[in-house]
Amino acid sequence: MSLALAPLAAVYGAAVRARLALYRAGALAARRVGAPVVSVGNLTTGGTGKTPLVGWLARALAGEGRRVCVLTRGYGRADERRRVVVSDGGRLLADAREGGDEPRLLAEQLLGAAAVVSDADRVSAARWAREVLGSDAFVLDDGFQHLRIARDLDVVTLDATDPWGGGRLLPAGRLREPRAGLGRAGCVVITRADLAADLEELRAEAASLSGGRAAVLASRFRTRDAQPLAAAEHEGRSVPQPAAAFCAVGNPRAFFAHLRGDGHELAYTRAFADHHVYRQADLDGLARAAAARGARSLLTTAKDAVKLRALSFPLPCYVVDVELEIEGEDVLSRLVREAIGKYPTGGR
């Protein structure tokens, strides 16, 4: 299949290189928004663990006294043409259907620390947030290829389980741009480093591709807890085994591997398409298949949970809450401080 798609990948690659060249030459201009912008992105499609890093960076900026706003496209929401304020930093204002599953999750996790706005036009959204919300620092979610908005730090995530997306550009592979694009990064964070085949080799390759410009850090996800999805199930916190796991994320295999690494006995797994909108029929069918294989409970991600609360579960469902551990996080903290250092508080 990838060989048949090679001509399309060549056309795609030529278009990507031409666009990058136009920005380098100044023919296309990146717009400044009057406040520091820290971008989190990747080279590939699919889940690389960006969302927990977006949350980490938003909290780091808030810890520096900034009024933070996360700018995101909000994939999978009902109307991607609309601007949706998912949170103003103090209140949740939109659900997952309106604002997107990842934005809603971030909004819940960052209450009191950052606003979250879903808008395809991140420049316009940033200027609106500056005026209306008083935002003076931005985290640009999935922004590495969104060159229209100028940024002060580019953080790129590499999933250690599949860092180069099969080594081919879209649509033959999963690379959004050539690997040489890492030369624009100020920091590379290798996610799921504990699952890497050879972490040191990957570190060296990332450092080389960045031209030695980027700090290369390793990170892993650690399970904080597995909470029952329904409040009525809080009488017991241990997950009945064997379990069935399901998710609608970019890298479901990594989620299932993480669960097995935590010691869960998985009798059944089911991966839905990324950003899938669940219906009751999905869960009924899932529970039947899981029970037929002896599963006594269900496990899912926090991203999925924001879309599941109004549905019912024939089996008890638990949400796996993970946190990001960054090796050498002081280096990333320093880079964040340097990025905002040229802007006085308020960004005026």
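Thresholds, definitions, all that
- Residues numbered from 1 in each chain as written.
- Predicted model: local features only at pLDDT ≥ 70, side-chain atom pairs only at ≥ 80, totals over all residues.
- Heavy atoms only, no water.
- Helix = DSSP H or I, 4+ residues; strand = E, 2+ residues; numbered from the N terminus.
- Buried < 20%, exposed > 50% of the residue type's maximum accessible area, 1.4 Å probe, protein only.
- Contact = heavy atoms within 4.5 Å.
- Areas by Shrake-Rupley, 256 points an atom, 1.4 Å probe, with all protein chains shown as cover.
- Lys, Arg positive; Asp, Glu negative; His and termini not counted.
- Charge placed at Lys NZ, Arg CZ, Asp CG, Glu CD.
- Expected span 1.5 Å × (residues − 1).
- Arc of directions from axis to C-beta.
- Axes fitted to C-alpha atoms, helices over the stretch in contact; angles between N-to-C directions.
- Left-handed = near helix turned anticlockwise from the far one by under 90°.
- Nonpolar A, V, L, I, M, F, W, Y, C, P; charged D, E, K, R; others polar.
- Phe/Tyr/Trp six-rings, centres within 6.5 Å; stacked < 30°, edge-to-face > 60°.
- Lys NZ or Arg CZ within 6 Å of the ring centre and 35° of its normal.
- Pairing = 2+ DSSP bridges.

A.B. asks: Help me out: how do you make sense of the overall build of the protein chain in this one?
C.D. replies: Helix and strand counts for the protein chain stand at 10 helices and 12 strands. When its C-alpha atoms are laid out on the principal axes, the protein chain stretches across 60 × 50 × 40 Å. Counting over 348 residues, the protein chain shows a buried share of 53%. Look at the contacts in the protein chain between residues 6 or more apart in sequence, and 76% of them connect residues 24 or more apart. About 15,100 Å² of surface is accessible on the protein chain, with carbon and sulfur atoms providing 51% of the total. For the protein chain, the distance from the average position of its 48 positive side-chain charges to the average position of its 41 negative side-chain charges is 6 Å.

A.B. asks: I would appreciate a short explanation of helix 8 (residues 280-292) in the present structure.
C.D. replies: Residue pairs spaced three or four apart in an α-helix point in one direction, given the helix's 3.6 residues per turn. With 13 residues, helix 8 extends 18 Å from end C-alpha to end C-alpha; this agrees with the ideal 18 Å at 1.5 Å per step. Of all the residues in helix 8, the buried ones are Asp282, Leu283, Leu286, Ala287, Ala289 and Ala290. Seen end-on, helix 8 carries its buried residues on one side only, within an arc spanning 165 degrees. Summarising the geometry of helix 8, the exposed residues directed more than 90 degrees from the buried face are Ala281, Arg288 and Ala292. Buried residues along helix 8 sit in contact with strand 9 (243-247), strand 10 (266-271) and strand 11 (297-301).

A.B. asks: Where do I start with the packing of helix 2 (residues 50-63) against helix 4 (residues 101-109) in this structure?
C.D. replies: How two helices pack is summed up by the angle between their axes together with the distance between the axes. Put simply, helix 2 and helix 4 touch, their axes get as near as 10 Å, and they point 35 degrees apart. Seen along the crossing, helix 2 lies across helix 4 with a hand that is right-handed. Residue-level inspection shows Thr51, Val54, Gly55 and Arg59 of helix 2 in contact with helix 4, the latter providing Glu102, Leu106 and Gln109. Split by residue class, the contact of helix 2 with helix 4 holds two nonpolar, three polar and two charged.

A.B. asks: Would you take a moment to explain the packing of aromatic side chains for this structure?
C.D. replies: To describe a pair of aromatic rings, one takes the distance between the centres and the angle between the planes. Inspection of every chain in the model, using the stated rule, returns three aromatic pairs. Judged by centre distance (5.9 Å) and plane angle (85 degrees), the ring pair of Phe246 and Tyr278 falls under edge-to-face. Of the two residues, Phe246 is situated in strand 9 and Tyr278 in the loop between strand 10 and helix 8; the sequence distance between them amounts to 32 residues. Each member of the pair, Phe246 together with Tyr278, is buried. Between the aromatic rings of Phe272 and Tyr278, the centroid separation amounts to 5.2 Å while the plane-to-plane angle is 75 degrees, which identifies the pairing as edge-to-face. For the residue pair Phe272 and Tyr278, the accessibility class agrees, reading buried in each case. Among the aromatic residues, those joined into a ring-pair cluster are Phe246, Phe272 and Tyr278. The ring of Phe144 has Arg184 sitting right over it, with the charged end atom 4.0 Å from the ring centre. The residue whose ring lies beneath Arg270 is Phe272, and the NZ or CZ to ring-centre distance is 4.1 Å.

A.B. asks: Explain the environment of Ala339 here, please?
C.D. replies: By secondary structure assignment, the location of Ala339 is in helix 10 (residues 329-340). The buried category is assigned to Ala339, whose relative accessible area is 4%. Along the backbone, Ala339 and Arg253 are 86 residues apart, and their C-alpha atoms lie at a distance of 35 Å. Among all residues touching Ala339, those that are not within four sequence positions of it are Pro36, Asp152 and Leu153.

A.B. asks: Quick question: what am I supposed to make of the pairing of strand 2 (residues 68-72) here?
C.D. replies: Two faces make up the sheet, and in a regular strand the side chains alternate between them. In terms of burial, strand 2 is a largely internal element, five of the five residues being buried. Residues of strand 2 alternate between two faces, with Val68, Val70 and Thr72 on one and Cys69 and Leu71 on the opposite face, all of them buried. Pairing of strand 2 with strand 4 (residues 114-118), which is carried by five bridges, proceeds in the parallel orientation. Within the sheet, the bridge partner assigned to Val68 lies in strand 4 and is Ala114.

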